[in-house]
Amino acid sequence: MVYASRIISHSKKLKHVSTLLRREHAVAVRGFSNTTQPSLTGRQDVLKARLNYSPVERISKCSTSNVPMPSGISAMRTNPMTGPTFFREFTSSQMRSVRGFSSSSDLPPHQEIGMPSLSPTMTEGNIARWLKKEGDKVAPGEVLCEIETDKATVEMECMEEGFLAKIVKEEGAKEIQVGEVIAITVEDEEDIQKFKDYTPSSGAAPEEKPAPEAKPAPSPPKEEKVEQPASAPEAKTSKPSSAPSGDRIFASPLAKKLAEDSNVPLSSIEGTGPEGRIVKADVEEFLASRGKETTTKPSKSTDSKAAALDYVDIPHTQIRKVTASRLAFSKQTIPHYYLTVDTCVDKLMGLRSQLNAFQEASGGKRISVNDLVIKAAALALRKVPQCNSSWTDEYIRQFSNVNINVAVQTENGLYVPVVKDADKKGLSTIGEEVRFLAQKAKENSLKPEDYEGGTFTVSNLGGPFGIKQFCAVINPPQAAILAIGSAEKRVVAGSGPDQFNVASYMSVTLSCDHRVIDGAIGAEWLKAFKGYIETPESMLL
C-alpha cells in the first residue's frame, strides 16, 4: 500500500509538470525586471514545495533546449547554463541596455552619447562646435561635433545609424566630465519630438536627493525645542547680573566694523541700545566727540583710489589648464638638473647651405637648423639610450623607438607634436613633418596620434626669438628635454699667440630627471649631440 500510494502521488505530479514549467518560466522571466523582482521569492516557495527544488535550481538542471526562453535572451540558447551564471549574464546585459536605452515606458529606445576620453590625460572636455543639428540623420563615420580636449580639438564621429534627437550640451559648453551625456540619438525619425524636453538620467539623480533631505528636516526643530528652555534661563540670569556685561561687550555688526575701521576699542564706548548694546549711532557720537570722523574718511578714499586697478580676466583654455597642471607636476615631482654646452655650428651652417642648394634645384623645401638639431638629438639618443627612458615606481622604461616632440607656440597655447622614429628619417622628411604638424597646431586641429608617444622633447627659442640660453621644464613622463639657444658669432683664440678667429656658437641646455639620468650619462649624451652638430657629415652615414 505504501508503494502504491507513492506511485499515485508521483503520477499526479507528473500530470501537472507542463503547467508547473510554464509557471516557473513566467516567474523566472518576471523576476528579471526591476519592478517585479520581489514576486520571484513568493513563487519560489510554492514551486519548491511542489517540486522539492527552486526555479533557479531547476534552471541549473535543464539545458536551454529543454526550457523555452523568451526572445530577449535567445543569444544564450546554445550552451547549457547554471542558475547563478544565467542570472549574472542576464543582469549584466540588462545593465548595458540601461546605459543606452530608456527603461521608462513613455520614452522610446534611444542611445545616450557621452563625452568620450580622447587622450590618456583627458578628464573633461569642451564642445567647440556641433556639425549636426537636432533632427539630422547620422550614419557611422559622420562627424557629430568638434570636442576641445586637453591638448587639441578633435572630431567626434558617430558610431551607429539613427537620428540626432536631442543636443544635451550646447555649443560652447565647457568642463564636461568624461562620460557625461552630451546628446541623444534614436532609431526612428518620429521619436525625435518625444525628446524635446528630455533630461539625461544623470541629471535626475540630484532631484531625488531632496527627498531624503526632507526626512531629517523635522529633527532640527526638535533640537531647537530642547535648546530653547536652556537659552531662556540664560537670558533670565543675565538681566540681574550686570557685572558679566563688562567681560563681554555686545555690539551690532555695523558698530563693530565702524569701530574697527576707526581703531576705537569698544570698551571705551557706552552703548545706548537694548540692554546696553552698542549701535552705530554710539560709535559715530564717540568719534564726533573725539574728532576722529574727519581723519578716517580721507584714509578710506585714498585706499579706494589705490586699489582701483584696470584689468581683464582671460578665461583658461583647455590646453592652458593642462599645460599648467602638467608643468607644475613636473617641477614638484621631478628632480631637475641642467647641463649646458656651447657647440660650434660653422660646419652645420655650411652643410645646410649645400643641402638647401640641392633642395631648391629639385623643387624641395629648405632645411632649417631645427631640422638638423632634431636629427642630431635622435641619433644621440640612439647612441645613449639611457636618456630615451621614463621613470615609473616599479622600473625605468627604456624605449626602442626614438620619437621627438617639438615644442610649437600658438595663439591657443603650447603644443608638442611628435616626429616618430626621427633617427630613421631623412632631413627633408623631418622638415616636412615638422612644418605640417606646426601648421595643424596653429589651426588647433591636432589629433591624439599627432602628439602622443613622444620619448624626448626639443624646445627652440633661439632661432625664432633670439634667446641666448634657457632651461626648459621636462615634459612628463619623459626624462629629458633639450633647450636650444641662438647662434652668435664669438672671437676665439687661434693657433698662434696673437691669432684670433671668429666662429658661430650655439648654447644648448639639457634638462634631466635625476631619477633616470645620472650626471655622467647626461654629459655623455651632450657629448654625442655636440659631435653630430660640429661634424654634421656623420649624421648622413
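These lines cover the structure that appears in this document, whether it is placed above or below. As a convention, each chain's residues are numbered from 1 in the sequence order in which they are written. With pLDDT at 70 or above as the cut-off, local features in this predicted model cover only qualifying residues; side-chain atom pairs require 80 or more to be listed or tallied, and sums for whole chains, interfaces and linings still use all residues. Each side-chain value is worked out from all heavy atoms of the structure, with water and hydrogens disregarded.

**Focus on helix 13 (residues 346-362)**
Residues three or four positions apart in an α-helix share a direction because the helix packs 3.6 residues into each turn. Here a strand is any run of E in DSSP of at least two residues, a helix any run of H or I of at least four, and the numbering for each starts at the N terminus. What a helix is expected to span follows from its residue count: subtract one and scale by 1.5 Å. An ideal rise of 1.5 Å per residue puts 24 Å on 17 residues; helix 13 measures up with 25 Å between its terminal C-alpha atoms. Exposure is judged per residue with a 1.4 Å probe applied to protein chains only, and the accessible area is read against the type maximum: over 50% gives exposed, under 20% gives buried, and values in between give partly exposed. Listed as buried for helix 13 are Leu348, Leu351, Leu355, Asn356 and Gln359. Around the axis of helix 13, the buried residues are gathered within 135 degrees of arc, so they sit on the same side. Should any heavy atoms of two residues lie within 4.5 Å, those residues are considered in contact. Summarising the contacts, the buried residues of helix 13 are in contact with helix 14 (369-383), helix 15 (427-442) and helix 18 (519-534). In the stretch just after helix 13, Gly363 is the one whose phi turns positive, near 80 degrees. Taken from the helix axis, the directions to the C-beta atoms give the arc we talk about.

**Section: the pairing of strand 2 (residues 124-130)**
Judged by how many residues are buried, strand 2 sits mostly within the fold: 5 of 7 residues are covered. By this definition, two strands are paired if DSSP reports at least two bridges between them. Bridging between strand 2 and strand 7 (residues 176-177) involves 2 bridges; their strand directions are antiparallel. Among the inter-strand pairings, Gly125 is bridged to a residue of strand 7, identified as Ile176. Taken together, the 4 bridges between strand 2 and strand 4 (residues 143-148) define a ladder with antiparallel strand orientation. Across the sheet, the residue bridging to Ile127 is Ile147, located in strand 4.

**Notes on the packing of helix 9 (residues 253-261) against helix 10 (residues 280-290)**
Simply put, an axis is a line fit to the C-alpha atoms, just over the touching stretch for a helix, and the angle between two N-to-C directions goes from 0 to 180 degrees. Running from N to C, helix 9 and helix 10 cross one another at 25 degrees; their axes reach a closest spacing of 8 Å. Considering their axes alone, helix 9 and helix 10 lie roughly parallel with respect to each other. Note on element contacts: helix 10 touches helix 9 through Lys280, Val283, Glu284 and Leu287, opposite Leu254, Ala255, Leu258 and Ala259. Any residue outside Ala, Val, Leu, Ile, Met, Phe, Trp, Tyr, Cys, Pro, Asp, Glu, Lys and Arg is labelled polar, Gly included; the first ten of those are nonpolar and the last four are charged. Each residue belonging to the contact of helix 9 with helix 10 can be placed in one class, and the counts come to 6 nonpolar, no polar and 2 charged. Roughly parallel here means an angle under 35 degrees, roughly antiparallel means over 145, roughly perpendicular means 65 to 115, and every remaining angle is called oblique.

**Here's the deal with the state of the cysteines**
Cysteine pairs can be covalently joined through their sulfur atoms, and such a bond is termed a disulfide. Here, a disulfide means two cysteine sulfur atoms that sit within 2.5 Å of each other. Tallied over the entire structure, the rule returns 0 disulfides. Of the cysteine sulfurs around Cys387, a residue in no disulfide, the closest is that of Cys512, at 5.9 Å. Classification of Cys387 as buried rests on a relative accessible area of 0%.

**Thoughts on unusual backbone geometry**
The omega torsion across Pro476 and Pro477 is 10 degrees, close enough to zero to call that bond cis. Of note, Glu175 is a non-glycine position whose phi angle comes to about 55 degrees, a positive value. Relative to the assigned elements, Glu175 resides in the loop between strand 6 (162-167) and strand 7. In the Ramachandran plot, Asn444 falls in the positive-phi region, its phi being about 60 degrees despite a non-glycine side chain. Tracing the chain through its elements places Asn444 in the loop between helix 15 and helix 16 (448-451). For Asn444, a relative accessible area of 18% corresponds to the buried category.

**What about helix 12 (residues 318-333)?**
Taking 1.5 Å per residue, 16 residues should reach 22 Å; helix 12 reaches 22 Å between its end C-alpha atoms and fits that length. Of the residues making up helix 12, those classed as buried are Gln318, Ile319, Val322, Thr323 and Ser330. Each buried residue of helix 12 lies within a common arc of 125 degrees when the element is viewed along its axis, so the set occupies one face. Buried positions along helix 12 lie against strand 2, strand 4, strand 9 (336-344) and strand 14 (414-415).

**Quick word on the packing of aromatic side chains**
Classification of ring pairs rests on two measures: the distance between centres of Phe, Tyr or Trp rings, Trp counted by its six-membered ring, which must be within 6.5 Å, and the angle between planes, read as stacked under 30 degrees, edge-to-face over 60 and tilted in between. Per the stated rule, a full pass over the model turns up 3 aromatic pairs. On the basis of an interplanar angle of 65 degrees and a centroid distance of 5.4 Å, the ring pair of Phe195 and Tyr198 is categorised as edge-to-face. Taking relative accessible area as the criterion, Phe195 reaches 0% and is therefore assigned buried. Look at Tyr198 and you get buried, because its relative accessible area is 11%.

**Structural notes on the sheet that holds strand 8 (residues 181-186)**
Note: strands within a sheet are paired through backbone hydrogen bonds, in either parallel or antiparallel orientation. An order of 1-8-6-3 is seen for the 4 strands of this open sheet, with the pairing classed as antiparallel. At either end of the open sheet lies a strand with only one pairing partner, and these are strand 1 (110-114) and strand 3 (137-138). As defined by bridge partners, strand 6 adjoins strand 8 across 4 bridges and the pair is classed as antiparallel. The residue bridging Leu164 from the neighbouring strand is Thr185, located in strand 8.

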